[in-house]
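Breakdown of the fold
Here is how the chains run, residue by residue.
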Amino acid sequence: MVSLNFKSILLGLGGAVAMTAVLASVQIYQPAKLPIEEQQSITVASDIYKVDALDLGPYNDCQDDCHATLLTANDQYYIEVNFDYSGFDDGNGFNRAIGIQIDRLEPEVVGDEDGKINAYLDRYEIEKINEALENSIADKLQKLRG
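Description of the structure in this document.

**Regarding the packing of aromatic side chains**
Under the defined criterion, the tally for this structure stands at one aromatic pair. Ring centres of Phe83 and Tyr85 lie 6.3 Å apart, and the angle between their planes is 40 degrees; on these two criteria the pair is classed as tilted. By relative accessible area, which is 4% here, Tyr85 ends up buried.

**A look at the environment of Leu56**
As for its placement among the helices and strands, Leu56 is situated in the loop between strand E2 (49-55) and strand E3 (66-72). Taking C-alpha positions, Leu56 is 9.8 Å from Leu141, a pair spaced 85 residues apart along the chain. Non-local contacts of Leu56, meaning those with residues more than four positions away in its chain, are made with Asp61, Cys62, Cys66, Phe83, Tyr85, Ile137, Lys140 and Leu141.

**Let's talk about the pattern of salt bridges**
One pass over the structure, following the stated rule, counts five salt bridges. A salt bridge links Asp75 to Lys50; the shortest N-O distance between them is 2.8 Å. Within this pair, whereas Asp75 is found in the loop between E3 and strand E4 (78-91), its partner Lys50 is found in strand E2, the two being separated by 25 residues in sequence. Asp75 sits in the partly exposed class, given a relative accessible area of 45%. Among the ionic pairs, Arg104 bridges to Glu106, the shortest N-O distance being 3.0 Å. Exposure remark for Arg104: the relative accessible area of 22% places this residue in the partly exposed category. Each of Asp65, Asp84, Arg104 and Glu106 takes part in salt bridges that share partners, so that together they form one network.

**Remarks on the state of the cysteines**
Enumeration according to the criterion identifies one disulfide in this entry. Residue Cys62 pairs covalently with Cys66 via a disulfide, S to S 2.1 Å. Where Cys62 bonds to Cys66 through sulfur, the torsion about that S-S bond is close to -120 degrees, and the disulfide is left-handed. Neither residue differs from the other here; Cys62 and Cys66 are each classed as buried.

**Concerning helix H2 (residues 123-145)**
With 23 residues, H2 should cover 33 Å at 1.5 Å per step; its first-to-last C-alpha distance of 33 Å lies within 8% of that length. Among all positions in H2, only Glu125, Lys128, Ile129, Ala132, Leu133, Ser136, Ile137 and Leu141 are buried. Put simply, Asp122 is the residue that caps the front of H2, since its side-chain oxygen is 3.2 Å from the backbone nitrogen of Tyr124. The first or second residue beyond H2 is Gly146, which carries a positive phi of 95 degrees.

**Remarks on the side chain of Ser46**
Structurally, Ser46 can be placed in the loop between strand E1 (42-43) and E2. Here Ile48 takes part through its backbone oxygen, which lies 2.5 Å from a polar atom of the side chain of Ser46. Engagement of the side chain of Ser46 in a polar contact is seen with the backbone nitrogen of Ala73, the distance being 2.8 Å. Setting aside anything within four residues of it in sequence, one finds Ser46 in contact with Thr72, Ala73, Glu125 and Lys128.

Conventions we followed
- Numbering of residues starts from 1 in each chain and follows the order in which that chain's sequence is written.
- With the structure being a predicted model, the display of local features is reserved for residues of pLDDT at least 70 and the display and counting of side-chain atom pairs for 80 or more, all residues being used for whole-chain, interface and lining totals.
- Heavy atoms throughout the structure, all of them, feed into the side-chain values; hydrogens and water do not.
- Each Phe, Tyr or Trp ring, with Trp reduced to its six-membered ring, pairs with another whose centre is within 6.5 Å; inter-plane angles below 30 degrees give stacked pairs, above 60 give edge-to-face pairs, and intermediate values give tilted ones.
- Accessible area is worked out with a 1.4 Å probe on protein chains only. A residue is then buried under 20% of its type maximum, exposed over 50%, and partly exposed in between.
- Secondary structure elements follow DSSP: runs of H or I no shorter than four residues count as helices, runs of E no shorter than two count as strands, and numbering proceeds from the N terminus.
- For this analysis, residues touch if any pair of their heavy atoms sits within 4.5 Å.
- By salt bridge we mean one thing: a side-chain nitrogen of Lys or Arg within 4 Å of a carboxyl oxygen of Asp or Glu.
- Two cysteine sulfur atoms make up a disulfide if the distance between them is within 2.5 Å.
- Any helix carries an expected span of 1.5 Å times its number of residues minus one.
- Each polar contact in these results corresponds to two N or O atoms within 3.5 Å; when the atoms are within protein, one needs to be able to donate a hydrogen and the other to accept it, and residues that are neighboring in sequence are counted only if both atoms are side-chain atoms.

Without other data, these values stay purely geometric and don't point to any function.
Spelled out as structure tokens, the structure:
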């Protein structure tokens, strides 16, 4: 009986060692997810940007630390931004100019369907994002005024 128990212990240990080897080999072949700062930078560019979500606060009067999410034209990337804006209404009796001006624009997160990415947005892309935000804010405020 002692020899039977010894054999079963050896078989159990052998199975455990084999299972450990299998699990270790699976872990070796899975690519490691690098931190965003260490990933290769991707240049994000789009013909137009669409404002997907615009948060102007509970009373739509946010002018400091507002938040928006924009999508590229093909919905491949999303860009979350924080911004400050000011509105102007210049009427001199003859001509009237109404508009929105983005005073500060800070891209916070850029991502794709897999999550955050290390992205580069050049000045031209920032200008297009700025224009899309100005138009979206103006449209939203115009609809609220009636």
